[in-house]
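Examining the three-dimensional arrangement
Below, each chain spelled out in residue letters.
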Amino acid sequence: MNDEVDLPSMRVGYGAADPTGKDGVAANLDPSWLVGDPPWRSLFDAWLADAIAAGVVEPNAMIVGTVDADGRPATRTVLCKGVSDAGIVFFTGYDSDKGRAIAAHPYASATFPWIAMERQIHVRGRVVKVDPAETQAYWNSRPRGSQLSATTSDQSRPIASRDALEAAAAAVSDEFGGPLSSTTVPVPEQWGGYRIEPDVVEFWQGRADRLHNRARAIRDGDSWRVERLQP
Ligand SMILES: Cc1cc2nc3c(=O)[nH]c(=O)nc-3n(C[C@H](O)[C@H](O)[C@H](O)COP(=O)(O)O)c2cc1C
Ligand SMILES: Cc1ncc(COP(=O)(O)O)c(C=O)c1O
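The name recorded for the chain in an unreviewed UniProt entry is Pyridoxine/pyridoxamine 5'-phosphate oxidase, from Gordonia malaquae NBRC 108250. Looking at the chain in UniProt, the text filed under Function (unreviewed entry) is "Catalyzes the oxidation of either pyridoxine 5'-phosphate (PNP) or pyridoxamine 5'-phosphate (PMP) into pyridoxal 5'-phosphate (PLP)." Comment text from UniProt for the chain, heading Sequence similarities (unreviewed entry), reads "Belongs to the pyridoxamine 5'-phosphate oxidase family."

Here is the structure:
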């Protein structure tokens, strides 16, 4: 540890806005808030809307955890590009490290770390590829530069240098008529969406003295049960 950074004393206390926790609404997450079918959906939408309204940077960013063929976990940030009762959608390279891990173990976790909101949502479940039509529709909405970069990138594989990456990108750009062209860039074969179909969705809310609130919806056969977890 160097002298300038005192990591052991670095901490933020939560729940300061309502230390007594008596308001029962804003500050006191309870499993009774998880209602409907699926019971995680309405609170998920409300907390995402709150994060957007509060100006959280990249409010739809989530940390996706996967386990590779050797049983080794890895995490990385991706952008959530869709939420439905069926699950949480993101787009990426199917032959990336995460794509290979998902092929080996089709399960993932996703964590939305809304620390500025004193909130976190954690999702776990089976992963499926989205329908190609859904990938196509999302691809069509992406800026052309991002389409060209995704076409260029053999995601997660090494490349010798930045110069080599830019040369590859320029070659792909030329292939599609150069920077001013409006030629359609097709969806790369190894690119598309995944949907995490939740078995578990946990809502976490920071409270004073680390006595936090945790409420989760967990699949139980064909239905769901909700429960409180200890902090
Ligand atoms: C805020 C943020 C958002 C990102 N969103 C995505 C995304 O939606 N899809 C993606 O493939 N990579 C995204 N990335 C890059 C990934 O974190 C990661 O580097 C890449 O997907 C390769 O991961 P892998 O080698 O584990 O497969 C994002 C990175 C950041 C910091
Ligand atoms: C490599 C990569 N793919 C995809 C995304 C998702 O964003 P978008 O599809 O909006 O470009 C990101 C965002 O940072 C990214 O870095």
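Having seen the model, we can carry on.
This next bit is on the site of ligand 2. Around ligand 2 sit Leu 79, Phe 91, Arg 142 and Ser 146, and that is every residue in its neighbourhood. In the shell around ligand 2, the residues fall into two nonpolar, one polar and one charged.

Looking now at the UniProt feature "domain: Pyridoxamine 5'-phosphate oxidase N-terminal" (unreviewed entry) in the chain. UniProt's entry tags residues 49-173 with the feature "domain: Pyridoxamine 5'-phosphate oxidase N-terminal" (unreviewed entry), counted in the numbering of this structure. As annotated, residues 49-173 comprises 35% helix and 33% strand, and the C-alpha atoms at either end are separated by 37 Å.

A separate point is the pairing of strand E5 (residues 107-112). Put simply, side chains in a regular strand alternate between the two faces of the sheet. Residues Ala 108, Ala 110 and Phe 112 point to one face of E5 and are all buried, whereas Tyr 107, Ser 109 and Thr 111, pointing to the other face, are not buried. Bridging between strand E1 (residues 61-67) and E5 involves three bridges; their strand directions are antiparallel. For Gly 65, the partnering residue across the bridge sits in E5 and is Ser 109. Relative to strand E6 (residues 119-129), E5 runs antiparallel, the two sharing six bridges. Note on E6: the bridge partner recorded for Ser 109 is Arg 124.

Tracing the chain through its elements places Ala 46 in helix H1 (residues 41-53). Residues Ala 46 and Ala 171, spaced 125 residues apart in sequence, show a C-alpha to C-alpha distance of 44 Å.

We now examine the UniProt feature "binding site: substrate" (unreviewed entry) in the chain. On the UniProt side, "binding site: substrate" (unreviewed entry) is annotated at positions that read Lys 81, Tyr 138, Arg 142, Ser 146, Arg 210, Leu 211 and His 212 here. Across 132 residues of sequence, these annotated residues are also dispersed in space, with a maximum C-alpha separation of 43.2 Å. Tracing the backbone shows Arg 142 in the loop between helix H3 (132-141) and helix H4 (144-152). Overall, the presence of 16 C-beta atoms within 10 Å leaves Arg 142 in the partly exposed class. Position of Leu 211 among the secondary structure elements: in the loop between strand E7 (191-205) and strand E8 (213-220).

The environment of ligand 1 is formed by 16 residues, the closest being Thr 92, Ser 96, Asp 97, Lys 98 and Ser 156. For the shell around ligand 1, the secondary structure elements donating two or more residues are strand E2 (73-79), strand E4 (87-93) and helix H2 (97-104). Here the shell around ligand 1 takes five residues from E2, the largest share from any one element. Of the residues in the shell around ligand 1, the class split is six nonpolar, six polar and four charged.

The end-to-end C-alpha distance of H1 is 18 Å, a good match for the 18 Å that 13 residues give at a rise of 1.5 Å each. Those residues of H1 that fall on the buried side of the exposure criterion are Phe 44, Trp 47 and Ala 51. End-on, the buried residues of H1 take up no more than an arc of 75 degrees, which puts them together on one face. For H1, exposure combined with an orientation more than 90 degrees from the buried face picks out Asp 45, Ala 46, Ala 49, Ile 52 and Ala 53. Contact partners of the buried residues in H1: strand E3 (82-84), E6 and E7. Just downstream of H1 lies Gly 55, where phi reads positive at about 80 degrees.

About the criteria used
Residues numbered from 1 in each chain as written. Chains lettered and ligands numbered in written order. Predicted model: local features only at pLDDT ≥ 70, side-chain atom pairs only at ≥ 80, totals over all residues. UniProt positions renumbered as here; feature names shortened; annotations may be inferred. Near = placed C-beta within 6 Å. Nonpolar A, V, L, I, M, F, W, Y, C, P; charged D, E, K, R; others polar. Helix = DSSP H or I, 4+ residues; strand = E, 2+ residues; numbered from the N terminus. Buried ≥ 20, exposed ≤ 12 C-beta atoms within 10 Å, placed from the backbone. Pairing = 2+ DSSP bridges. Expected span 1.5 Å × (residues − 1). Arc of directions from axis to C-beta. Contact = placed C-beta atoms within 7 Å.

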